[in-house]
Amino acid sequence: VMGGDRRATAGNLISHRSMEKVVQADQFSAVAIAGAAGPAMEMVKVFQLSLEHYEKVEGKLLSLEGKANLLSTMIRQNLSAAMQGLVVVPIFGGYDTRRSEGRIWNFDVTGGRYEETEYVATGSGSVHCSTVLKMGWKENLSNDEAVKLVCRSLWEAADVDSATGGPDIRRGIYPVVAEISAQGWSRVSDDRLRAAFDAINAEVGAR
C-alpha cells in the first residue's frame, strides 16, 4: 500500500490542492514523489515511458529490482539540479512477480537506493508519518488495516506539517492511496478513504 497527500506548496503558499504524488509506474509498481514538483513529475513520465519501451522491445516486464535500479540512475542524473535546490526523493515499490512478494525502496538525493523491509516515508512530513507507521505496523496487516494505517499517518503529518495536506472534505479531495498486489495496481476509492478519515476524525474529536 502506498499513499501520498495532494498539497503542493510554493514557500508559505498552497500552490495546488490536488496534485497526485503517488503515480502508477506500470502494472505492478508505483512511485511516490517528494521534493520539487516539476522535476519529479518529469522524472516519473520518463520512467513510465522507459518501462513501457522495455516491455515492447523485450516482450516482458523489467524485473522489479531492475526498475528500482533504473529510477536510481535517473535520480543520480538529477544531482546537479538537486544541488541547486531542485531535489527529487521518491519512493518506489510494487509486487515482485518473480519472488511473489511486495517490495519497496527508498532513495537519497545521490541516487542511492535502499530496500526497506517493513515501511518507509519521505518528504517534509516523513518524520511524523514514520512515527505513526512504526507504532501501528505489524506483520500480516490486512489490506484494510494497511490502508487505514496509511491514512492515519497522513492525518498526523498534516496536523503538524504545513507542507503536508490532509483530507479536504469540503472540496472532496482525499489523498492518493494505491494497493499493488499479484492482481496489479488498484487505486483505493474516495469512498473507502472518506470512511477511514471520518473514523479518524470522530476518534480525534472524542479525544
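Rules used throughout
Residues numbered from 1 in each chain as written. Predicted model: local features only at pLDDT ≥ 70, side-chain atom pairs only at ≥ 80, totals over all residues. Heavy atoms only, no water. Helix = DSSP H or I, 4+ residues; strand = E, 2+ residues; numbered from the N terminus. Rg over C-alpha atoms; globule rule 2.2 N^0.38 Å. Buried < 20%, exposed > 50% of the residue type's maximum accessible area, 1.4 Å probe, protein only. Contact = heavy atoms within 4.5 Å. Areas by Shrake-Rupley, 256 points an atom, 1.4 Å probe, with all protein chains shown as cover. Lys, Arg positive; Asp, Glu negative; His and termini not counted. Charge placed at Lys NZ, Arg CZ, Asp CG, Glu CD. Pairing = 2+ DSSP bridges. Axes fitted to C-alpha atoms, helices over the stretch in contact; angles between N-to-C directions. Core = buried A, V, L, I, M, F, W, Y, C linked by side-chain atoms within 4.5 Å. 1 Å grid on protein atoms, 1.4 Å probe; cavity = no way out; pocket = protein on both sides within 12 Å on 5 of 7 lines; lining within 4 Å. Points joined across faces, edges and corners; volume = space filled by probe spheres on them. Nonpolar A, V, L, I, M, F, W, Y, C, P; charged D, E, K, R; others polar.

Visitor: Hey, could you run me through the overall build of the protein in this one?
Guide: When helices and strands are counted, the protein shows six helices and ten strands. Taking 17 Å as the expected radius of gyration for a compact globule of 207 residues, we find that the protein reaches 17 Å, a close match to that expectation. The principal-axis extent of the C-alpha atoms belonging to the protein is close to 55 × 40 × 30 Å. The buried share among the 207 residues of the protein stands at 42%. Taking the intrachain contacts of the protein between residues at least 6 apart in sequence as the baseline, contacts between residues at least 24 apart amount to 57%. Here the protein displays about 11000 Å² of accessible surface, and carbon together with sulfur accounts for 49% of that area. Looking at charge distribution, the protein has the averaged site of its 23 positive side-chain charges lying 3 Å from that of its 26 negative ones.

Visitor: Would you take a moment to explain the sheet that holds strand β6 (residues 91–96) for this structure?
Guide: Taken together, the five strands give an open sheet; going across it, the order is β4-β5-β6-β7-β8, and neighbouring strands pair in antiparallel fashion. At either end of the open sheet lies a strand with only one pairing partner, and these are β4 (22–26) and β8 (113–116). The mean angle between the axes of side-by-side strands here comes to 25°, regardless of whether they run parallel or antiparallel. Where helix α2 (residues 64–77) meets the sheet, it contacts β4, β5 (29–32), β6, β7 (101–107) and β8, and its direction lies at approximately 10° from that of β7.

Visitor: Which parts of the structure should I look at to understand the nonpolar core?
Guide: Burial of nonpolar side chains together is a common tendency in soluble globular proteins. Ranked by internal contacts, the top residues of the largest apolar core, which has 20 residues, are Val31, Phe47, Leu71 and Phe92. When residues of this core are traced back to their parent elements, those giving at least two are β4, α1 (37–58), α2 and β7. Contacts of valine 31, omitting those with residues within four sequence positions, involve Met2, Lys21, Val22, Val23, Ala25, Val44, Phe47, Leu71, Pro90, Ile91 and Phe92. Of all hydrophobic cores here, the second largest spans 15 residues; its members include Leu154, Ala157, Tyr174 and Leu193.

Visitor: What exactly am I supposed to notice about the pairing of β6 here?
Guide: Each regular strand carries side chains that alternate between the two faces of the sheet. Within β6, six of the six residues are buried, leaving the element largely enclosed by the surrounding structure. When β6 meets β7, the two strands line up antiparallel, connected through six bridges. Looking at the pairing, glycine 94 lines up with arginine 103 of β7. Hairpin connection, β6 to β7: the antiparallel pair is bridged by four residues, and serine 100 has positive phi, about 55°.

Visitor: Would you mind going over the layout of surface pockets with me for this structure?
Guide: Empty space left among the atoms is revealed by rolling a probe the size of a water molecule over them. A volume near 250 Å³ is recorded for the second largest pocket. If you go around the second largest pocket, you meet 14 residues; those closest to its centre are Glu145, Lys148, Leu149, Arg152 and Ile200. Of all elements in the fold, only α4 (126–136), α5 (143–160) and α6 (190–206) reach the threshold of two or more residues within the lining of the second largest pocket. Sort the elements by how many residues they give to the lining of the second largest pocket and α5 lands first, with five residues. Looking at the lining of the second largest pocket residue by residue, the class counts come to eight nonpolar, one polar and five charged.

None of this, on its own, says anything about what the molecule does.
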